[in-house]
Amino acid sequence: MALPALPEGGALDARSPITGGRLGGVTPATPADVDDAVGRAAEAFLHWRLEPAPKRGELVRRFGDLLRARKAEMAELVALEAGKIRSEALGEVQEMIDVCDFAVGLSRQLYGRTMATERPGHRMMEVWHPLGVCAVITSFNFPSAVWAWNAALALVCGDPVVWKPSEKAALTALACDALLHQAGAPPGMSQVVVGGPDVGERLVDHPAVALVSATGSTAMGRAVGPRVAARFGRSLLELGGNNAAIVAPSADLDQAVRGVVFAAAGTAGQRCTTLRRLIIHRSVHDELVDRLANAYQSLPVGNPLAAGTLVGPLIDRRAYDVFIDALATVDAVIGGERELAEQAPDAYYVRPALALMAEQTSLVLQETFAPILYVLAYDDWDEAVAMHNAAAHGLASSVFTSDLREAERFLSAAGSDCGIANVNVGPSGAEIGGAFGGEKETGGGRESGSDAWKAYMRRSTCTVNYSNELPLAQGVEFL
């Protein structure tokens, strides 16, 4: 496919990690631009909140239809700007389509409750109302899907969205916004403000922004959360993940190899749910490491748009430097070499690395956003769970086992302390039907499926007296 018509002007370069070359330029937003966008969104909210939710769902349905029609083109843009292999880029667009389908159904299921009341002739119920302007701040690694998780739900819940994408993935954001307007989004309901941290900070501090949904590092979340709370706004934080998998003695090792390699090496290790720590029972440790080493050495690394490629580039030089610095301190390394340096000197391709560790050091307990899998051994179950839960993050986790007791213990309150816990599959939250998010330094937010929609609405508890009397609760008598 030929490159789409890309903007040429602007002080902010859009670059492709495939070559390191320039794709185009965009004009960053000023503080006044951000204020104007929030003002337009606040005005649009006054009208959109009154539209029946199923009518709001019609907009999202049309947007999903356009995504289906333009799936291949959108995926190519995701690949060009984020460096994802073609199948993962197509999967990201499919994730947008799926959450649109989910949100359309949700538009007829924004259920409240009726509660029993002690007062005769009364009815007590809860009603959910649109919340207000939602700011969505996203990272480069999922340049469209995370926004869609938020935007599709926010729109059916009655909220306008102001999107601050990563400056490394601005073109994808502009393309998504253009399609949403083509689907018929009213003025002010969807807007993109491109720029650096100053743009995000303006949204975070804006008193007219009811909800800030922010995806990024834990350091970012530490800054965003208190600032939003200081003005009594709402925040939904989706932060880092130092995800682990336990491989038990009874595990199907063929299955474990496939699950581990995709979870650790896919997206060049740049997913928040990337597998970063592998805790293997000592009885199968050496065999599994040998199998993983063979798989890692055979992974096709290269241009993500080329057929057969499974590992694309790191996003930029900074990501490469972090990768190299981390590997310099490990006990033993399999892989980890830079590749294609001569063919693409301004891009950063690396072979995913297995880092064999004698113990879980402070380095292992840090999130390194690169394709490094720290490999550790354990002797008994309780030790494995303690190692697993020692990380400050609590996003995603998994266990490979054929032992039903181990599987259930891992999913129990005494097992994984993460928001996502899987059995015999890697630590991903790939399907939109479940709520996505984690605990501890992952931030506690939930996006996408289940009842995540409640973050985008406000709850009102209502009591109706349809009698001729005025009984008071708790037996109080007055007048």
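Before reading on, note that the structure itself is shown above.
All residue numbers here refer to positions counted from 1 along the written sequence of the relevant chain. In keeping with the model being predicted, local features are shown solely for residues with a pLDDT of at least 70 and side-chain atom pairs are shown and tallied solely at 80 or more, while totals for entire chains, interfaces and linings include all residues. Only hydrogens and water are set aside; all other atoms, that is, all heavy atoms of the structure, feed into the side-chain values.

1. Brief notes about the environment of Arg277
Secondary structure elements are defined from DSSP: runs of H or I of at least 4 residues count as helices, runs of E of at least 2 residues count as strands, and each element is numbered from the N terminus. Take Arg277: it is sitting in strand β11 (residues 275–281). C-alpha separation for the pair Arg277 and Leu376, spaced 99 residues apart in sequence, amounts to 7.6 Å. The contact definition used throughout considers only heavy atoms, calling two residues in contact when any of these lie within 4.5 Å. Aside from chain neighbours lying at most four places away, what touches Arg277 is Asn242, Asn243, Ala244, Ala245, Gln360, Val364, Leu365, Leu373, Tyr374, Met387, His388 and Ala391. Identification of polar contacts relies on pairs of N or O atoms within 3.5 Å, with a donor-acceptor requirement for protein atoms, meaning one able to donate a hydrogen and the other able to accept it, and with residues adjacent in sequence counted only if both atoms are side-chain atoms. Polar contacts involving the side chain of Arg277 include one to the main-chain carbonyl oxygen of Met387, which spans 3.0 Å.

2. With respect to the pairing of strand β4 (residues 122–130)
Side chains on a regular strand alternate between the two faces of the sheet. Paired strands are those between which DSSP finds at least two bridges. Here strand β3 (residues 113–115) pairs with β4 via three bridges, running antiparallel. Its bridge partner being in β4, Met115 is matched across the sheet by Met124. Connecting the antiparallel pair β3 and β4 is a turn made up of six residues, with Gly121 showing a positive phi of about 70°.

3. Examining the sheet that holds strand β8 (residues 209–215)
Across the sheet, five strands lie side by side as β7-β6-β5-β8-β9; this open sheet has parallel pairing. Edge strands, defined here as strands with exactly one partner in the open sheet, are β7 (190–192) and β9 (234–238). Within this sheet the neighbouring strands show an average axis-to-axis angle of 15°, counted without direction. Note that strand β5 (residues 133–137) and β8 share five bridges and pair parallel. The partner of Val136 across the bridge, within β8, is Ser213. Most of the contacts of helix α5 (residues 145–157) go to strand β6 (residues 161–164), to which it runs at about 170°, and overall it touches β5, β6, β7, β8 and β9. Every axis corresponds to a line fitted to the C-alpha atoms, with the helix fit spanning only the stretch in contact, and the corresponding angles, defined between N-to-C directions, vary from 0 to 180 degrees.

4. Observations regarding α5
A helix is expected to span 1.5 Å multiplied by its residue count minus one. Under the 1.5 Å per step criterion, the end-to-end length of α5 is 18 Å for 13 residues, consistent within 8% with the ideal 18 Å. Partly exposed describes any residue whose relative accessible area lies between the buried limit of under 20% and the exposed limit of over 50%, with all areas from a 1.4 Å probe on protein chains only and scaled to the type maximum. Most of α5 is tucked away: 13 of the 13 residues are buried. Directly beyond the C-terminal end of α5, a positive phi value near 105° is found at Gly158.

5. As for the pairing of strand β1 (residues 12–15)
The two faces of β1 differ: Leu12 and Ala14 on one face are buried, but Asp13 and Arg15 on the other face are not. The antiparallel pairing of β1 with strand β2 (residues 22–26) creates a hairpin that spans six residues between the two strands, and Gly20 there sits at a positive phi of about 85°.

6. Thoughts on the pattern of salt bridges
We count a salt bridge whenever a side-chain nitrogen from Lys or Arg sits within 4 Å of a carboxyl oxygen from Asp or Glu. Inspection of every chain in the model, using the stated rule, returns 26 salt bridges. Salt-bridge contacts for Asp101 lead to Arg68; the nearest nitrogen and oxygen are separated by 2.8 Å. Residue Asp101 is found in helix α4 (residues 86–106), and its partner Arg68 is found in helix α2 (residues 53–69); the two are separated by 33 residues along the sequence. Here Glu167 ties to Lys164 by a salt bridge, and the two come within 3.1 Å at their closest N and O atoms. Look at Glu167 and you get partly exposed, because its relative accessible area is 29%. What makes Lys164 buried here is its relative accessible area of 6%. Counted as one network, the salt bridges with shared partners bring together Glu58, Arg61, Asp65, Arg68 and Asp101.

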